Amino acid sequence: MASRKPLTVRVEDVCFCHWPVDPDELARAIPCWLTVERAADDAWITAIHHTVAGVSAFGVDLGNPAQSVTVRTYVRGPDGQRGLYFFAAFTTDPIASAAGPLLRLDYRDGRVARRDADGDYRTERALDVDGRRALTVRYTPGDEPATTAPPDSLPAFFVERFRVFGEGPLGARVVGHVGHDPWELGPVESAVDGDLLSVLGLPEPVGDPLVHYSPGNELGVAPFRPLWLD
């Protein structure tokens, strides 16, 4: 019998919005035992608008399709391991929100919406936080097929990550693992508006956002455990 993954998340119609930020300012927003990782001379914060098409635990389906936004940055752990650190997450699925502590995701109150429309942009996605329009992304994927990012490229820096660092009870250092096939990214026309980073109390961007699009992927999430066991 094939082994079943503890938690599997299928995501579709994924739009990555990456902002360059000042590394020193970002360092003050993450735990002191993590190090900011740079690319193209900048530190980066990414918001990911996506559809959660399905969630299963040990092969049992949970919840319904939902819209979600996660906000993360790129770090190295104490031994130089590359990984992610999440600042916040928003979802339309209350089951996912209730599982936040298990996944070390800080689910916050907010309204996530998606609208498919005619015209210049096929899709509009929005995030409202505390009554403010924090983020609006309008995008149309290109006609060319999605492909995997070349190794050591900037897109690979953003998407090919397999560790997630966090803090457990009493400030314990923990690490989780996310397994996935290489992300396929395709061309996209986009427009990004909003003050997401300031709404979340994060460093202001020092340049325009970069946007990547993926039709989707399947993520196998392993339980978090103390970092010293990694």
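Here, the structure is the one placed above.
The rules we used
- Residues numbered from 1 in each chain as written.
- Predicted model: local features only at pLDDT ≥ 70, side-chain atom pairs only at ≥ 80, totals over all residues.
- Heavy atoms only, no water.
- Phe/Tyr/Trp six-rings, centres within 6.5 Å; stacked < 30°, edge-to-face > 60°.
- Helix = DSSP H or I, 4+ residues; strand = E, 2+ residues; numbered from the N terminus.
- Buried < 20%, exposed > 50% of the residue type's maximum accessible area, 1.4 Å probe, protein only.
- Pairing = 2+ DSSP bridges.
- Axes fitted to C-alpha atoms, helices over the stretch in contact; angles between N-to-C directions.
- Core = buried A, V, L, I, M, F, W, Y, C linked by side-chain atoms within 4.5 Å.
- Contact = heavy atoms within 4.5 Å.

### Considerations on the packing of aromatic side chains
Summed over the entire model, instances satisfying the criterion amount to eight aromatic pairs. Geometrically, the ring pair formed by W44 and F158 is edge-to-face, given 5.2 Å between the ring centres and 80° between the ring planes. Placement of W44 in strand β3 (residues 43–57) and of F158 in helix α4 (residues 154–159) is noted, with a sequence separation of 114 residues between them. Classification of W44 by relative accessible area gives buried; the value is 5%. Ring geometry for Y85 against F87: centres 5.5 Å apart, planes inclined by 85°, an arrangement best described as edge-to-face.

### Overview of the sheet that holds strand β14 (residues 188–193)
Pairing is antiparallel in the open sheet, where four strands are placed in the order β7-β8-β9-β14. Each of the sheet's edge strands pairs with one partner strand only, and the pair in question is β7 (111–116) and β14. Taken over all neighbouring pairs, the strand axes of this sheet differ in orientation by 15° on average, direction set aside. In this structure, strand β8 (residues 123–129) lies alongside strand β9 (residues 132–141), joined through seven bridges in antiparallel fashion. The partner of D128 across the bridge, within β9, is R133.

### Quick notes on the environment of G201
Following the sequence through the fold, G201 ends up in the loop between α5 (196–199) and β15 (210–226). You can call G201 exposed: its relative accessible area is 59%. Taking the C-alpha atoms as reference, G201 lies 33 Å from S56; in sequence the two are 145 residues apart.

### Observations concerning the pairing of β15
Relative to β15, strand β1 (residues 7–21) is paired through 11 bridges, and the arrangement is antiparallel. The residue of β15 that forms the bridge with V14 is S214.

### A few points about the nonpolar core
The nonpolar side chains of soluble globular proteins are, as a tendency, buried together. I45, V71, F87, F90, L127 and L196 are the most contacted members of the largest nonpolar core, which has 36 residues in total. Broken down by secondary-structure element, the contributors of at least two residues to this core are β1, β3, β5 (66–76), β6 (82–91), β8, β9, α5 and β15. Apart from residues no more than four positions distant in its own chain, I45 is found in contact with C17, H18, W19, V21, L26, V71, R72, T73, F87, L197, L202 and P203. Grouped together as the second largest cluster of nonpolar side chains are 28 residues, V11, V14, L84 and L219 included.

Any link to function would need more than the numbers given here.
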